Structures are given as C-alpha cells and as structure tokens.
Amino acid sequence: MRLTARTASARWPGIAQFRRKLYEARFRAGRYHCGYSGRFAGFEAAERALPAGLAGFDHDAMADIDHYTTMAGGIEPMPATEYPLLFWLRGALDEGARTLLDLGGYVGHAFRQYDQYLGFPDDFRWTVFDLPHITRAGQAIAARQPTSRLRFTNSVDDGCGMDILLAAGSLQYLPENYLHERLKAWPKRPRHLIVQRTPLHARHSFVTIQSVITRTGEVSFCPYSVPARAGFIDGLLALGYELVDSWEKPRSLDVPFHPECHVETYSGLYFRLGS
C-alpha cells in the first residue's frame with residue numbers, strides 16, 4: 001500500500017511540478033554529466049535556452065586531451081562497437097580511397113585508434129574538422145608523434161572532393177540538417193559516408209540540451225539534436241547515396257519528463273554514393 005501511495009503521489013500535479021523544478025535546478029547547477037533537459041523545436045531555440053555558463057565546445061575546458069589517452073600515453077583500446085566502422089573503412093581503402101574528413105573529430109584520437117588496426121598507407125590523409133580550441137589541442141598531441149597523414153582544419157568545406165566522410169558521435173552537436181546541407185553544397189561529394197554513434201529517433205525529430213562536466217569540474221551546456229531516422233536517411237538518399245549497412249551501439253537516450261524523446265540505441269550507418 002505504501003508503494004502504491006508513493007507511485008500515485010508522484011503523479012499528483014504539485015508533486016510532479018516540484019520534481020521537475022528540482023531536476024531543472026540541479027541540471028542548471030551542473031550536477032549531471034551528460035544530463036539532458038527540455039525538448040525544443042529546433043537548434044536555435046535550444047541555443048537561446050542554454051543555462052548561464054560555458055556553452056558548446058569551443059573553449060579550453062572542453063579540450064580534454066587526457067580523456068583520450070591512458071596512463072601509459074597510448075590510445076584507449078578499441079570498443080567492440082567500432083568494428084563495423086573498421087570493416088567499411090577497410091573496404092573503402094581497398095577501393096583506393098586516400099582522403100578522409102573526420103567531421104567533429106575532436107583531437108584526432110580516432111585516427112590513432114584505427115591506424116593501429118588498419119595501418120593507413122603513407123599517402124593516406126586524415127583531416128579532422130573541429131572548433132579552434134579543439135583543433136589546437138589536437139595539434140599539440142600530434143606534435144608529440146608527428147605524421148604527415150593527420151591534419152586539422154576549422155573549415156568543413158575542406159571535405160569537398162575527399163573520398164570518405166566520417167561523422168562519429170558529432171552530428172548530435174550540430175543542427176539537424178547540417179550534414180545534408182554541406183553535402184548538397186559540395187560539387188564533389190565523398191563516395192563513402194560513415195555515420196557512427198548517432199542518436200536517431202524512430203518517429204520524430206527533437207532538440208534537447210546536454211550538460212557536460214569536464215575533469216576540472218567546469219560544466220558546459222550544448223544543444224543536442226536528434227533527427228527522425230527515416231528523415232535522416234531519406235535526406236541522404238535524395239543526394240544520391242545508397243544505404244549499404246546499419247548497426248547499433250547499445251546506448252540509450254532519455255530526456256527527463258519527456259518520455260516521447262526516448263531513443264533505444266544509437267546508430268551506425270554506411271552509405272555509398274551511387275554511380
């Protein structure tokens with residue numbers, strides 16, 4: 001009976017409103033790492049609603065170099081969910097692909113991880129596109145082990161004419177149609193398109209706000225975009241791509257007080273440009 005009463009009381013308007021306000025106060029105070037708050041109609045609406053404090057990734061607090069290295073100075077082991085990506089990346093290399101744009105590739109850690117497994121050839125060029133604070137941190141890491149195969153840029157349009165575009169865990173920090181719009185604007189699109197660790201909703205699009213706590217204890221708030229899966233795929237098909245493969249990463253997304261925003265798993269997708 002006590003459990004029934006507690007469950008019922010949680011549904012009372014006053015109790016529910018109190019719980020929601022308490023969560024929002026904690027969220028805005030930076031109490032949750034990778035916490036989520038609110039549902040917004042679009043990316044700009046979420047930007048206008050960001051709590052006070054740091055916003056986005058373009059500042060030193062978010063350039064967390066140590067997060068991607070072990071105590072021994074190496075790169076963290078390859079997660080099992082990366083192997084589908086490795087499979088299709090290997091196939092692209094075998095077809096002769098030699099240039100890649102890593103869209104939102106942070107400090108270039110993926111290049112080092114994948115190179116251990118694929119052994120990129122000497123004439124391969126992996127270009128990381130990211131924000132200035134992040135690319136400066138990536139260049140600082142690269143200076144420790146210089147290689148001509150890795151470079152950084154702050155211009156996404158450097159990807160025009162490249163063989164491969166990789167977007168791994170980055171599209172959710174960009175407006176919903178960002179990828180489609182950039183590809184549409186390029187006169188020569190990448191033949192291979194790999195999307196990894198991306199939340200796609202089964203029915204509808206939405207934007208929420210994510211809080212990220214750095215190792216120094218600072219918190220940054222970021223709009224977090226989740227497209228509808230069918231619309232995301234259809235938009236790329238309309239640009240001439242074909243969906244070759246898809247896979248899942250066992251990670252869910254929940255926005256408190258918005259059960260309609262539940263995402264069961266994150267997605268991986270491999271597209272190839274039609275002839």
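Residues numbered from 1 in each chain as written. Predicted model: local features only at pLDDT ≥ 70, side-chain atom pairs only at ≥ 80, totals over all residues. Heavy atoms only, no water.

Colleague: How should I be thinking about the overall build of the protein chain in this particular structure?
Modeller: Each helix and strand in the protein chain was counted, giving eight helices and 13 strands. Expected size for 275 residues packed as a compact globule is a radius of gyration near 19 Å; at 20 Å, the protein chain falls within 12% of this value. Taking the principal axes of the C-alpha coordinates as reference, the protein chain spans close to 70 × 40 × 35 Å. For the protein chain, buried positions account for 47% of its 275 residues. (Helix = DSSP H or I, 4+ residues; strand = E, 2+ residues; numbered from the N terminus. Rg over C-alpha atoms; globule rule 2.2 N^0.38 Å. Buried < 20%, exposed > 50% of the residue type's maximum accessible area, 1.4 Å probe, protein only.)

Colleague: Even after reading the chapter, I still don't get the packing of aromatic side chains, so can you show me in this structure?
Modeller: Geometry of an aromatic ring pair is reported as the spacing of the ring centres plus the angle between the planes. This model, assessed by the stated rule, comprises 16 aromatic pairs. With a centroid separation of 5.3 Å and 85° between ring planes, the pair formed by Y173 and Y224 is classed as edge-to-face. Separated by 51 residues along the polypeptide, Y173 in the loop between β6 (164-168) and α7 (178-185) and Y224 in strand β9 (residues 219-226) bring together distant segments of the chain. With relative accessibility at 24%, the residue Y173 sits in the partly exposed group. The exposure class of Y224 is buried, given its relative accessible area of 0%. Grouping aromatic residues by their ring pairs yields a cluster made of Y23, F27, Y32, F221 and F257. (Phe/Tyr/Trp six-rings, centres within 6.5 Å; stacked < 30°, edge-to-face > 60°.)

Colleague: Is there a simple way to explain the state of the cysteines in this structure?
Modeller: Such a bond, covalent and formed between the sulfur atoms of two cysteines, is termed a disulfide. Under the counting rule described, the total for this entry stands at zero disulfides. Counting only cysteine sulfurs, C34 is the nearest neighbor of C222, a cysteine outside any disulfide, at a range of 9.2 Å. Note on C222: relative accessible area 2%, which makes it buried. (Disulfide = S-S within 2.5 Å.)

Colleague: Please clarify how the confidence of the model for the protein chain should be interpreted in this entry.
Modeller: Detail in the predicted coordinates should be disregarded across regions flagged by low pLDDT. Within the protein chain, residue pLDDT values average 90, and 91% of them lie at 70 or more. Segment residues 5-9 is flagged for pLDDT under 50; beyond a separation of four residues in sequence, or across chains, it makes one contact in the model. (pLDDT = per-residue confidence, 0-100. Contact = heavy atoms within 4.5 Å.)

Colleague: I tried to follow the pattern of salt bridges on my own but got confused; where do I start?
Modeller: Side chains bearing opposite charge may pair, as long as their charged atoms lie close to each other. One pass over the structure, following the stated rule, counts eight salt bridges. Here R28 and E24 are joined by a salt bridge, their closest N and O atoms 2.8 Å apart. Here the residue R28 and the residue E24 both occupy positions in helix α2 (residues 13-28), the gap between them amounting to four residues, near one helical turn. Judged by relative accessible area, E24 falls into the partly exposed class, the value being 23%. (Salt bridge = Lys/Arg side-chain N within 4 Å of Asp/Glu carboxyl O.)

Colleague: I would appreciate a short explanation of the nonpolar core in the present structure.
Modeller: Nonpolar side chains in soluble globular proteins tend to end up buried together. With 26 residues, the main nonpolar core has L89, Y114, F120, W126, L166 and I194 as its most contacted residues. Contributions of two or more residues to this core are made by α4 (83-94), α5 (109-118), β4 (125-129), β5 (150-153) and β6. Among the elements that line this core, the one with the most residues is α4, at six residues. In contact with W126, other than residues within four places in its own chain, are L89, L100, D102, A110, F111, Y114, F120, R149, L150, R151 and L166. If you look at the next biggest cluster of nonpolar residues, it comprises 24 residues, including L165, L179, F271 and L273. (Core = buried A, V, L, I, M, F, W, Y, C linked by side-chain atoms within 4.5 Å.)

Colleague: In this structure, what is going on with the sheet that holds strand β1 (residues 35-40)? I would like to understand it.
Modeller: Think of a sheet as strands paired side by side through backbone hydrogen bonds, with each pair either parallel or antiparallel. The strand order across the open sheet formed by four strands is β1-β8-β9-β2, and the pairing between neighbours is mixed. A strand with exactly one partner marks an edge of an open sheet, and here the two such strands are β1 and β2 (54-55). Inspection of the sheet shows strand β8 (residues 206-213) paired to β9 by eight bridges, in the antiparallel sense. Bridging from a neighbouring strand, S211 pairs with F221 of β9. (Pairing = 2+ DSSP bridges.)

Colleague: How do you make sense of the side chain of D102 when you look at a structure like this?
Modeller: For D102, the position within the fold is in strand β3 (residues 99-103). For the buried D102, which has no salt bridge, the nearest side chain bearing the opposite charge is R197, at an N-O separation of 7.2 Å. (Lys, Arg positive; Asp, Glu negative; His and termini not counted.)

Colleague: Quick question: what am I supposed to make of helix α6 (residues 132-142) here?
Modeller: Because an α-helix packs 3.6 residues into every turn, residues spaced three or four apart end up facing the same way. Considered for burial, the residues of α6 that qualify are I134, T135, A137, G138, I141 and A142. Buried residues along α6 cover an arc of 155° about the axis, so they all sit on one side. On its buried side, α6 packs onto α5 and β5. (Arc of directions from axis to C-beta.)

Colleague: Looking at this model, I keep getting lost on unusual backbone geometry. Mind explaining?
Modeller: Residues apart from glycine generally show negative phi values, whereas peptide bonds are mostly found in trans. Here the phi dihedral of C34 falls at roughly 55°; this positive angle occurs in a residue that is not glycine. By the element assignment, C34 lies in the loop between α2 and β1. At F257, a residue that is not glycine, the phi angle is positive and equals roughly 70°. Positionally, F257 belongs in the loop between β11 (253-255) and β12 (258-263). Judged by relative accessible area, F257 falls into the partly exposed class, the value being 30%.

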